[in-house]
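Residues per chain are reported as follows:
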Amino acid sequence: MNASMLTDSSAQRALSNARPDGLPVATFAGSGGGSLQELVRLLTASSASRVDPSWTVHIPILRVRAESALLHEGTPGQSLYVVRSGSFKCVRTMEDGYEKVLPLAQVGDLLGFEALHASPRQATALALEDATVYALPLGELRDLQQRCPALDEAVRHGLSRQLTRSAQIAEMMSAVASDVRLARFVLWLSARMTDMGQSGHRIRLRLSRRDIASLLGLAHETVSRSFTLLSQSRCLRVDNREIEILDMAALRLRARTTRGLSLHGDLPPRTAAVAQPLTGPVPEPLSSAAWWRWPLAS
């Protein structure tokens, strides 16, 4: 069974409304677009296709150059986007003019989902590298969801995953100590990389130190000091934006403390007394469903 193709013209109209000056923020990657099967796989993070092979729907793909904006805060939302390659930094301007950095959008993540309930864009999405996204104009997306239950299920799955990650960020921010927040952030990135089939031990930071500070609610200098502490404690090796996790189990222990490290990189005595009796093999990076949690031996 075939379904009508999502049209480039619908996606282009949505793009033309993405900026007050009417200029497009992205360009089409070429004719033909991407497949419905690939889109569903991205949203469900599954290699198994749930779409009938007879469906020949092609979804418009947009190319976004590094440092260009896909979405602008406050503009009307008429399309939903799914990251196909690359990553995006999301920024929200606060009432006092401060630009608050929100969590990264990476492969398989949804962007612009506030359009589903007719709200304006809540943040600006900036490409951190050359990226591509699937463009899903809302009118045609709803029609296609009715025709293809697998896509409807995939969109719901993607939205549920976004909510889960929002809760993870809130849990990350609940730590009082700055080095604990940073340890949780590194483990969160590690889990995301693992989910995408990449190394969870070697990470290239896409965000600057200043952006990480904004995301974690810390001062820029505090983030730098926290990286130094985690490096001195031999949890990490840090080379500018290149991060290597040297001791995954120890890093998870840092993430589970509440008072953080001392100036000498040691656990506080009370925490160390509880955390020392680890047993079993050193674990591999967790998936994002478990991320920084590491069961302590009783």
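You'll find the structure just up there.
A short tour of the structure in this document, coming up.

Rules used throughout
- Residues numbered from 1 in each chain as written.
- Predicted model: local features only at pLDDT ≥ 70, side-chain atom pairs only at ≥ 80, totals over all residues.
- Heavy atoms only, no water.
- Helix = DSSP H or I, 4+ residues; strand = E, 2+ residues; numbered from the N terminus.
- Buried < 20%, exposed > 50% of the residue type's maximum accessible area, 1.4 Å probe, protein only.
- Pairing = 2+ DSSP bridges.
- Axes fitted to C-alpha atoms, helices over the stretch in contact; angles between N-to-C directions.
- Salt bridge = Lys/Arg side-chain N within 4 Å of Asp/Glu carboxyl O.

1. Considering the side chain of Asp211
Move 1: Relative to the helices and strands, Asp211 resides in helix α6 (residues 209-216).
Move 2: When its relative accessible area of 15% is taken as the criterion, Asp211 is described as buried.

2. A short note on the sheet that holds strand β13 (residues 236-239)
Move 1: The antiparallel open sheet is built from three strands, whose spatial order is β12-β14-β13. Strands with a single pairing partner mark the edges of an open sheet, and in this sheet they are β12 (202-204) and β13. Averaged over neighbouring strand pairs, the angle between their axes works out to 15° when direction is ignored.
Move 2: The pairing of β13 with strand β14 (residues 242-245) spans four bridges and is classified as antiparallel. Each residue of the ladder has a partner; that of Val238, found in β14, is Ile243.

3. Regarding the pattern of salt bridges
Move 1: Using the criterion set out here, one finds eleven salt bridges in the structure.
Move 2: Between Arg165 and Asp109 there is a salt bridge; the shortest N-O distance is 2.4 Å. Of this pair, Arg165 sits in helix α4 (residues 149-173) while Asp109 sits in the loop between β8 (99-105) and β9 (110-111), and the two are 56 residues apart along the sequence. Asp109 carries the same exposure label as Arg165, and that label is buried.
Move 3: The partner of Glu242 in a salt bridge is Arg204, and the shortest N-O contact between them spans 2.7 Å.

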